[in-house]
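Residue-level listing of the chains:
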Amino acid sequence: MIFRQLFDGVSGTYTYLLASRRGGEAMILDPVIARVDRYLQLIAELDLHLVKAVDTHLHADHVTGLGALRDRTRCITVMGEQTKADVVSMRVAEGDRLTIEGIALDVLYTPGHTDDSYSFVMGDRVFTGDTLLIRGTGRTDFQNGDARQQYDSIFGKLLKLPDDTLVFPAHDYKGDTVSTIGEEKAFNPRLRVSSVDEYVALMAGLHLPDPKMMDVAIPANMKVGLAQDEVAARGWAVSAAEALTLVGRPDVAVIDLRERGERAKHGVIPGSLHAPYLDLAEYIERGGMIYELAAATNKRLLFYCAFGERSAMAVQAAQDMGLATACHLQGGIDAWKKAGGALTR
Ligand SMILES: [Fe+2]
């Protein structure tokens, strides 16, 4: 396995690069925008293919690298379902599994630092974001933070993991890189409380200054979505209302780009074909299922995904391959549902 802990000294942020093998798919957790060139260099050196970029929560102390990585690699951006970010490609929730080739992360909803804070368990280790830090915990005094929720997230979920689970946080300011659940139980001063009320009082007494970057970082991190104006200006975008009139027509092929788990959880537009985004290149090349379907029938190709971001990137890729009838459902299945579109499971 490839496991790299990268550090941004300006914000004290840890970023994690994960892959199961050289030459394989990679995922990155909590990338910082200023270090995107460095990540991409390392990804190229290790011969990796970045497919998912994940933020554990909406950061207040640095601008996320999610948007820049997506724009430069066409990877999928991922955050929790409560995120205030305008558009991410995929939203996850408690109990989901976030996967790439050879790696699976179990998703834990651990609110408290913010209301969109998640932790991710990968075998013998857990990525705790800013929920549980090494000998500390994330502040709970802004972004819908809530000390009571954080207590429940830490004591009710994270500390229930085996004691030898390695703890990899999103930040450290003291030079520590890794801990374990057992160590934090024994030595984390914030966890030496006898009740939730005591924890709430402890957190309320911290009176921390606002992060230096806060006024820049939060607005920037809320506008991370792909710029889709160009796709729309070229006539490649279809509103959910238009899509309602297209779905079911014999001259339209509707293509779902989401993963199996998303389809099972959120439902499928009736009659749609399945072509997962990460395999799209195979489908749209000459000889691929979508390429040959379009060539043989001249059907209009209507791509869709969860929120319209993967489908916008797919339209661009398909048009690049000469598939001139390719368009996408703007806003994805989220917009389709809001427009009253039918779903099957
Ligand atoms: Fe944070």
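Draft legend 1. Geometry of the overall build of the protein. Of regular secondary structure, the protein possesses 13 helices and 19 strands. Here the C-alpha radius of gyration of the protein, 21 Å, is about what a compact globule of 345 residues would show, namely 20 Å. The principal-axis extents of the C-alpha atoms in the protein amount to approximately 65 × 45 × 35 Å. Burial analysis of the protein (345 residues in total) assigns 55% to the buried set. A fraction of 65% describes how many contacts in the protein between residues 6 or more apart in sequence connect residues 24 or more apart. Looking at the protein as shown, the accessible area adds up to about 14,500 Å², and 52% of this sits on carbon and sulfur atoms. Charged side chains of the protein number 37 positive and 46 negative; the gap between the two group centres comes to 3 Å.

Draft legend 2. The sheet that holds strand S2 (residues 13-19), seen in detail. Spatially, the 6 strands line up as an open sheet ordered S1-S2-S3-S4-S5-S6, and their pairing is mixed. Two strands in the sheet have a free side with no partner beyond their single neighbour: strand S1 (2-8) and strand S6 (90-92). Taking the axes of each pair of neighbouring strands and ignoring which way they run, one obtains an average angle of 25° across the sheet. For strand S3 (residues 25-29) and strand S4 (residues 49-54), the ladder comprises 5 bridges, and the chain directions are parallel. Note on S4: the bridge partner recorded for Leu29 is Val54. The strands touched by helix H2 (residues 66-73) within the sheet are S3, S4 and strand S5 (76-80), with S4 carrying the most contacts at an inclination of about 155°.

Draft legend 3. The nonpolar core, seen in detail. By size, the foremost hydrophobic cluster in this structure holds 46 residues, and its most contacted members are Leu98, Leu105, Phe120, Phe127, Ile290, Leu301 and Phe303. Top contributing element to this core by residue count: helix H12 (residues 309-320), with 5 residues. Not counting the four nearest positions on each side in its chain, Leu301 is found in contact with Ala253, Ile255, Ile290, Leu293, Ala294, Leu323, Thr325, Ala326 and Cys327. Listed in part, the 28 residues of the second largest apolar core include Ile28, Leu46, Ala60 and Val88.

Draft legend 4. Inspection of the environment of His266 at higher detail. Mapped onto the secondary structure, His266 falls in helix H9 (residues 260-266). By relative accessible area, which is 28% here, His266 ends up partly exposed. The spatial distance from the C-alpha of His266 to the C-alpha of Ile333 is 8.4 Å, given a sequence separation of 67 residues.

Draft legend 5. Up close: the sheet that holds strand S16 (residues 252-256). The 5 strands are arranged S15-S19-S18-S16-S17 in an open sheet whose pairing can be described as parallel. Strand pairing shows two members of the sheet lacking a second neighbour, strand S15 (237-238) and strand S17 (273-274), which therefore form its edges. Across the sheet, helix H11 (residues 289-297) lies against S16, S17 and strand S18 (300-304), angled at about 150° from S18, the strand it touches most. The strands that H12 touches are S18 and strand S19 (326-329); relative to S19, the one it contacts most, it runs at about 180°.

Draft legend 6. Here's a closer look at the layout of surface pockets. If you add up the space inside the largest pocket, you get close to 840 Å³. For the lining of the largest pocket, the per-class residue count stands at 15 nonpolar, 13 polar and 10 charged. Quantified by volume, the second largest pocket comes out at close to 410 Å³. Arg91, Asp96, Glu262, Lys265 and His266 are, among the 20 residues lining the second largest pocket, the residues nearest its centre. Among the elements of the structure, S6, strand S7 (97-100), H9 and helix H13 (332-338) are those that each provide at least two residues to the lining of the second largest pocket.

Draft legend 7. The packing of helix H1 (residues 36-45) against H2, seen in detail. Between H1 and H2, whose axes approach to 10 Å, the crossing angle comes to 45°. Between H1 and H2, the angle is such that the two are oblique. The chirality of how H1 crosses H2 is right-handed. Of the residues in H2, those in contact with Val36, Asp37, Tyr39 and Leu40 of H1 are Ala68, Leu69, Arg72 and Thr73. Tallied by class, the residues present in the contact of H1 with H2 amount to 5 nonpolar, 1 polar and 2 charged.

Draft legend 8. Just helix H3 (residues 147-156), in detail. Taken as a whole, H3 has its buried residues at Ala147, Gln150, Tyr151, Ser153 and Ile154. Taken end-on, H3 shows its buried residues confined to a sector of 165°, consistent with a single buried face. For H3, the elements touching its buried residues are strand S8 (103-109), strand S12 (136-137) and helix H5 (196-204). At the N-terminal boundary of H3, the capping side chain belongs to Asp146, with an oxygen 2.8 Å from the backbone nitrogen of Arg148.

Conventions adopted
- Residues numbered from 1 in each chain as written.
- Predicted model: local features only at pLDDT ≥ 70, side-chain atom pairs only at ≥ 80, totals over all residues.
- Heavy atoms only, no water.
- Helix = DSSP H or I, 4+ residues; strand = E, 2+ residues; numbered from the N terminus.
- Rg over C-alpha atoms; globule rule 2.2 N^0.38 Å.
- Buried < 20%, exposed > 50% of the residue type's maximum accessible area, 1.4 Å probe, protein only.
- Contact = heavy atoms within 4.5 Å.
- Areas by Shrake-Rupley, 256 points an atom, 1.4 Å probe, with all protein chains shown as cover.
- Lys, Arg positive; Asp, Glu negative; His and termini not counted.
- Charge placed at Lys NZ, Arg CZ, Asp CG, Glu CD.
- Pairing = 2+ DSSP bridges.
- Axes fitted to C-alpha atoms, helices over the stretch in contact; angles between N-to-C directions.
- Core = buried A, V, L, I, M, F, W, Y, C linked by side-chain atoms within 4.5 Å.
- 1 Å grid on protein atoms, 1.4 Å probe; cavity = no way out; pocket = protein on both sides within 12 Å on 5 of 7 lines; lining within 4 Å.
- Points joined across faces, edges and corners; volume = space filled by probe spheres on them.
- Nonpolar A, V, L, I, M, F, W, Y, C, P; charged D, E, K, R; others polar.
- Parallel < 35°, antiparallel > 145°, perpendicular 65-115°, else oblique.
- Left-handed = near helix turned anticlockwise from the far one by under 90°.
- Arc of directions from axis to C-beta.
- Polar contact = N/O pair within 3.5 Å; in protein donor to acceptor, adjacent residues only side chain to side chain.

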